[in-house]
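Spelled out from the first residue to the last, the chains are:
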Amino acid sequence: MMRIRIAASFAALGLFAMAAPVGAQQTTGAPVPPAAGAATPPAAATTTPPAAATTAPAATTAPATPPPAAATTTPPAPAATTAPAATTAPAATPPAGQKLPEVKIIQEQPKPAPKPAPVQEAAPTPKKKPAPVVEAEPAPAPKPKKAAASKPKPVQQAAPAPQPEPVVEAAPAEPVYAQPLPANQVRMSPIGGSEIPIEKVPGNVNTVSSADISRDGSKIAQDVLQQRVPGIVIGDAQGNAFQTNVQYRGFDASPVNGMPQGLAIYQNGVRINESFGDTVNWDFLPSVAINDITVMSGNPVFGLNAIGGAISIGMKDGFNYQGAEVDTRFGSFGRKQVSVQAGKNSGGIGIYGAFEGIDDDGFRDFSEAEMRRGYVDVGFKSDNSEFHFNYTGASNFVGVTAAVPETLLALDRENTFSSPQTTENKVQMFSANGRVEVSPTTTLSGIVYHRSFKQKHDDGNVSEAEDCGDVGGTPGELCIEGENAEGADGEAIPFDGELSYGSIDRTSQDAKGYGASVQAVEKSRLFGLGNQFLVGASYDKGRVGYTANSELGFFLPKFVVQGTGIILNEPDDVVPRNLTTTNNYYGVYFSDTLDLTDQLSLTVGGRYNYARIQIRDNTGDLPNLNATNTFSRFNPAAGLTYKALPGLSLYGGYSEANRAPTPAELACSDPDYPCIIESFLTADPPLKQVVSHTWEAGLRGDSTLGWGSDRFEWNLGVFRTLNTDDIINSADNTAGRGVFANAGETLRQGVEASIAYRTQRLFTYASYSYTDATYESPLILASPDNPADGGFDCPNTPAGEEALTCFNVRPGDRLAGVPRHKFKMGIDYWMTPQWKIGADLIATSSQFFYGDEANLNKPLAGYTKVNLHSSYDITENVQVYGLIENLFDARYGLYGTFFNLDAANEAGEPSNVEFTEENNRSIVPAIPFAAYAGVKVKF
């Protein structure tokens, strides 16, 4: 009766039934998720075989290698005389929409055993008929449990297991529902083969699996990271859900040039921070093809830009995914999407492919998106080696609607400010990785890659154009910032007082990159103690052709800029740019983990980075751009872990990391030549590299609570990262322009806590993080549009030039865009073996506006967002699902800054909009209430 009431009340919310048969992510198995607490293999190590899946007895009715108080304490379900024998079922059956045990890109697998015979009927006849199960006193069970126990289906294993020993059971366990346990192996470098157990890692680690990504059908990896990793929050400077930035502990990995980048991002061991600005284009990754994402703090082995941490993304292959799936989805704002994936292996050959196509009109004007992205992997495996060749390709278009004045949002949340704003991205990346076991304790691994990235960005902007007669020049000619504007041929431009002038700033990147990494791992004992030593080297080269120009335009209604066809050639700030940048990054690293005792492990390591960045002007008109900069540093790390009790470990460590200034920052660091961010580069004074110093400590654990096959995992940690010579962007008087500069010391410190609980039918999680991100050095920063009192003329203003408005930033003032508090929680509950319901909540506190580094204005308000999802298995191969985003239609912003009132009022004349001095705040609004429904078909 309780289940009926819950089902009726949830159905009243209008949820859609959801997703593929439980356990069908890689197989066509019975709709039964794996046991909570069942020993799910870790994401694979290159030299360590996955646990359980290849050695544990297989049975869908009992967890393989159960944790304490697992299946043995579960009340028995009615006997199923047709249940398949243990020798014909996999070691663990994944939950709805999930996959078989995770295996990393490079892994070791036992030699395949003969494939078990498939079972096709409700009462199958397996290869070996199981012995009948004798019940003492069978009691009637709910109908769903009976169905789940009596309808096992054939399963294709990720890696066929050796013939297991027979399993003796008193009675079959009842069906299980909750998600698998997370992997307990963590890579200590970007390359596979470096894995150690998580209890030996002297830092915080969070892993998101493909099960988490497909859990609610969102299909956006950044959103899943925000849900499940305590220190992560999503920001949106561009106004498009597919190009958001991931912020971890106050450090960003963003697709926007001009945002300081503080995270190193890897895909299959290849660094994918783009060459020109270290930006990260999350929209290139087909989410359906992601096998796992690991977020790690404080490990300099991950190289340049790991000052805040590293994110390592592993993709699927034909050994860790088998079967086929087609997923279609439709919903709010014209959303139409389809994803297809298929994987298969035969002997030592595995093939996997995935494709995603997404069309979305967006919830704001001009915010449409078209995504086409795919991934293919071909793998070869033998007893002591494994090789993979893979390809990532994408061609995407997004409408970038950016921040909009609150005055316009009050009129209509769909409004945008200054269009067009569009981005076209294309990528092709070929890579190969492999590993060879040269001895029982020694493994050699390597990666080579080639990456091509092309981007075109159009940005409609306001322009402070005026009649030259008003600034002491020739009446009737057009001036910008008090200087005569000229066309491409040097001709003067007539001024038309009837027009509201704007500009369309265009940039392009054509980047080619390639590189290689090699690594050796030795696991022989040292002085009789357990030990893992790894040493490696990497080389990455990027060559970028960059262009920028500005077309004079004028505003139409709805703040749309219409181009005139005149490409501006004067003043200096808008002169077309054409330059080439070349990056050469070298790295040598090592890490050693020594077991001092059975409980105590010591890890020491470090990496030497060398960066050489060359910038060349191709026009001959901007010699200040020509420069070569070099940066080098050795970054050490050390830490201890202690296993205080079974399932409880303590960790603590210290690490350093560095990031070199990017070509985009180096070429926009002269305050006498400010740049239009995302557009123009002008001069190249030297910038210092950023160095981080991180201390962290914590404890983590997992255990059962003694209530059947339940499982409880938790983590509590503290961290403190001090950056020296941090790089920030400081604004200029000219709208949209700024300059990069070193800003002394900044500090990010805080607390992270998370828990997760799993039973046979329930999965729930919660996390909290506190991040205090502050300036630690006194600064004077320009902020010409900041409306607060306390501004003054910036010192050292050149004679004859208008002084910028500056503000004093004091030690302890908070960094813009970083909320202090983040709380997250979620729940999944299987009403029946076929029907799952779930919900997620994300809440953050307020954050200061960009441009308000002195913390003098009212901050951007925090928010609380609730999502719902549900799935229903119509058959073992067909699932329907639904997702409701922002259930309560909360109205909030994800990014805030200020705009120039005079220029905005000029641009607003064709739209009959006037902005007042009381409010020049501009924000990026979050998506309102949205509903989506989809169908998954698995083969």
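Residues numbered from 1 in each chain as written. Predicted model: local features only at pLDDT ≥ 70, side-chain atom pairs only at ≥ 80, totals over all residues. Heavy atoms only, no water.

So, on to the overall build of the chain. Of the regular secondary structure elements, the chain holds 7 helices and 45 strands. Within the chain, the fraction of its 939 residues that count as buried is 61%. Relative to all contacts within the chain whose residues are 6 or more apart in sequence, the contacts with residues 24 or more apart total 72%. As displayed, the chain offers around 33,600 Å² of accessible surface, 58% of which is attributable to carbon and sulfur atoms. (Helix = DSSP H or I, 4+ residues; strand = E, 2+ residues; numbered from the N terminus. Buried < 20%, exposed > 50% of the residue type's maximum accessible area, 1.4 Å probe, protein only. Contact = heavy atoms within 4.5 Å. Areas by Shrake-Rupley, 256 points an atom, 1.4 Å probe, with all protein chains shown as cover.)

Turning our eyes to something else, we now look at the pairing of strand 7 (residues 264-267). Side-chain alternation along strand 7 places Ala-264 and Tyr-266 on one buried face and Ile-265 and Gln-267 on a second face that is also buried. Bridge count between strand 7 and strand 8 (residues 270-271): 2 bridges; the pairing is antiparallel. Counterpart to Tyr-266 in the pairing with strand 8 is Arg-271. Once strand 7 ends, the chain turns through 2 residues before running back antiparallel as strand 8, passing Asn-268 with a positive phi of about 50 degrees. (Pairing = 2+ DSSP bridges.)

Let us now look at the nonpolar core. In this structure, Leu-225, Ile-265, Trp-282, Ile-290, Ile-293, Ile-311 and Ile-313 are the most contacted members of the largest nonpolar core, which totals 79 residues. Once you skip the residues sitting within four places of it in the chain, Ile-265 turns out to touch Ala-253, Val-270, Arg-271, Ile-272, Asn-273, Val-280, Trp-282, Ile-311 and Ile-313. One finds Leu-409, Val-561, Ala-903 and Ala-904 within the second-largest nonpolar core, a separate group that totals 20 residues. (Core = buried A, V, L, I, M, F, W, Y, C linked by side-chain atoms within 4.5 Å.)

Under the definition given, this model contains 2 disulfides. Between the sulfur atoms of Cys-468 and its disulfide partner Cys-479 the distance amounts to 1.9 Å. Judged by the torsion about the S-S bond (110 degrees), the Cys-468/Cys-479 disulfide is right-handed. Placement of the pair is Cys-468 in the loop between strand 19 (465-467) and strand 20 (478-480) and Cys-479 in strand 20, with a sequence separation of 11 residues. Classification of Cys-468 as buried rests on a relative accessible area of 0%. Given the relative accessible area of 2%, Cys-479 is considered buried. Through a disulfide, Cys-794 is tied to Cys-806; the S-S separation comes to 1.6 Å. As the torsion about the S-S bond is roughly 100 degrees, the Cys-794-Cys-806 disulfide counts as right-handed. Remark: Cys-806 occurs in strand 38 (residues 805-809) and Cys-794 occurs in the loop between strand 37 (792-793) and strand 38; sequence separation between them is 12 residues. Its relative accessible area of 4% is what places Cys-806 among the buried residues. (Disulfide = S-S within 2.5 Å.)

Before going further, it helps to examine the side chain of Ser-777. Structurally, the position occupied by Ser-777 is in the loop between strand 35 (762-775) and strand 36 (779-782). Judged by its relative accessible area of 15%, Ser-777 is buried. Among the polar contacts made by the side chain of Ser-777, one reaches the main-chain amide nitrogen of Glu-745 at a distance of 2.9 Å. If we skip the residues at most four places from it in the chain, Ser-777 touches Ala-743, Gly-744, Glu-745, Val-809 and Pro-811. (Polar contact = N/O pair within 3.5 Å; in protein donor to acceptor, adjacent residues only side chain to side chain.)

Right, let's talk about empty space enclosed by the protein for a bit. Considering only enclosed or pocket space, the second largest cavity measures out at about 560 Å³ in volume. Surrounding the second largest cavity, 35 residues form its lining, Asp-223, Ala-241, Lys-865, Glu-885 and Ile-927 being those nearest its centre. Looking at the lining of the second largest cavity, the elements with two or more residues in it are helix 4 (221-228), strand 41 (863-873), strand 42 (878-885) and strand 44 (921-925). (1 Å grid on protein atoms, 1.4 Å probe; cavity = no way out; pocket = protein on both sides within 12 Å on 5 of 7 lines; lining within 4 Å. Points joined across faces, edges and corners; volume = space filled by probe spheres on them.)

Now for the packing of aromatic side chains. Applying the stated criterion to the full structure yields 21 aromatic pairs. By way of ring pairs, the aromatic residues Phe-417, Phe-559, Phe-899 and Phe-915 are connected into one cluster. Above the plane of the ring of Phe-719 lies Arg-249, whose end atom (NZ or CZ) is 4.2 Å from the centre. Between Arg-329 and the ring centre of Tyr-932, over which it is positioned, the NZ or CZ distance is 4.3 Å. (Phe/Tyr/Trp six-rings, centres within 6.5 Å; stacked < 30°, edge-to-face > 60°. Lys NZ or Arg CZ within 6 Å of the ring centre and 35° of its normal.)

A few words on the confidence of the model for the chain. For the chain, the mean per-residue pLDDT works out to 82, and 78% of the residues sit at or above 70. A low-confidence stretch, residues 1-176 (pLDDT under 50), is modelled with 417 contacts involving residues beyond four sequence positions or located in other chains. (pLDDT = per-residue confidence, 0-100.)

Moving on to the pairing of strand 42. Among the 8 residues that make up strand 42, 7 are buried, leaving the element largely enclosed by the rest of the structure. Pairing analysis gives 6 bridges linking strand 41 to strand 42, with the strands arranged antiparallel. Residue pairing in the sheet places Leu-868 in a bridge with Ile-884 of strand 42. Between the end of strand 41 and the start of strand 42, which pair antiparallel, lie 4 residues. Examined bridge by bridge, strand 42 and strand 45 (residues 930-938) share 8 bridges and lie antiparallel to one another. Looking at the pairing, Glu-885 lines up with Ala-930 of strand 45.

In this chain, Ser-419 is followed by Pro-420 through a cis amide linkage whose omega measures 5 degrees. With an omega of 5 degrees, the peptide bond running from Glu-570 to Pro-571 counts as cis. As for its position among the elements, Pro-571 is in the loop between strand 24 (560-567) and strand 25 (577-595).

Here we come to helix 7 (residues 901-908). Considered for burial, the residues of helix 7 that qualify are Leu-901, Ala-903, Ala-904, Ala-907 and Gly-908. The buried residues of helix 7 occupy an angular sector of 165 degrees when the element is viewed end-on, so they sit on one face. Where helix 7 begins, one side-chain oxygen reaches toward the backbone nitrogen of Asp-902, 3.2 Å away; that side chain belongs to Asn-900. (Arc of directions from axis to C-beta.)

The sheet built from 3 strands is open, its strands ordered 4-5-6 with antiparallel pairing. Pairing within the sheet leaves two strands with one partner each, and these edge strands are strand 4 (232-235) and strand 6 (251-253). Direction aside, the axes of adjacent strands within the sheet are offset by 30 degrees on average. Looking at chain direction, strand 4 and strand 5 (residues 245-248) are connected through 4 bridges and run antiparallel. By the bridge assignment for strand 5, Val-233 is matched with Gln-247. Strand contacts of helix 4: strand 4 and strand 5, with the helix running at about 140 degrees to strand 4, the strand carrying the most contacts. (Axes fitted to C-alpha atoms, helices over the stretch in contact; angles between N-to-C directions.)

All right, on to the pattern of salt bridges then. In total, this model carries 29 salt bridges according to the counting rule given. A salt bridge links Asp-278 to Arg-271, with the nearest nitrogen and oxygen atoms 3.4 Å apart. Since its relative accessible area comes to 3%, Asp-278 is described here as buried. In this structure, Arg-506 engages Asp-458 in a salt bridge whose closest nitrogen and oxygen atoms are separated by 3.8 Å. Remark: Asp-458 occurs in strand 18 (residues 442-462) and Arg-506 occurs in strand 22 (residues 501-522); sequence separation between them is 48 residues. (Salt bridge = Lys/Arg side-chain N within 4 Å of Asp/Glu carboxyl O.)

Moving on, we get to the sheet that holds strand 7. Here we have 5 strands laid out as an open sheet, ordered 3-9-10-7-8, and mixed in their pairing. With one partner strand each, in any of the chains shown, strand 3 (205-209) and strand 8 form the two edges of the open sheet. Relative to strand 9 (residues 290-296), strand 3 runs antiparallel, the two being bridged by 5 bridges. From the neighbouring strand, Asn-206 faces strand 9, where its bridge partner is Val-295. The sheet strands contacting helix 4 are strand 3 and strand 9, and the helix crosses strand 9 at an angle near 50 degrees.

With that settled, consider the environment of Ser-503. If you trace the backbone, Ser-503 turns up in strand 22. Excluding anything up to four places from it in sequence, Ser-503 contacts Asp-459, Gly-460, Asn-461, Val-462, Ser-463, Ser-550, Glu-551, Gly-553 and Val-561.

This next bit is on a negative patch on the surface. A contiguous patch of negative charge, built from Glu-481, Glu-483, Asp-572, Asp-793, Glu-801 and Glu-802, is present on the exposed surface. Relative to the elements of secondary structure, Glu-802 occurs in the loop between strand 37 and strand 38. (Patch = residues over 30% accessible without salt bridge, like charges linked within 9 Å, V, L, I, M, F, W, Y side chains within 5 Å. Lys, Arg positive; Asp, Glu negative; His and termini not counted. Charge placed at Lys NZ, Arg CZ, Asp CG, Glu CD.)

The subject of this paragraph is a nonpolar patch on the surface. Taken together, the side chains of Ile-349, Ile-351, Phe-380, Phe-387, Phe-389, Val-436, Val-438 and Leu-444 define a hydrophobic patch exposed on the protein surface, amounting to about 670 Å² of accessible area. Elements with a minimum of two residues in the nonpolar patch: strand 13 (349-360), strand 15 (385-399) and strand 17 (421-439). As for its placement among the helices and strands, Ile-351 is situated in strand 13. Residue classification places Ile-351 among the partly exposed positions, given a relative accessible area of 48%.

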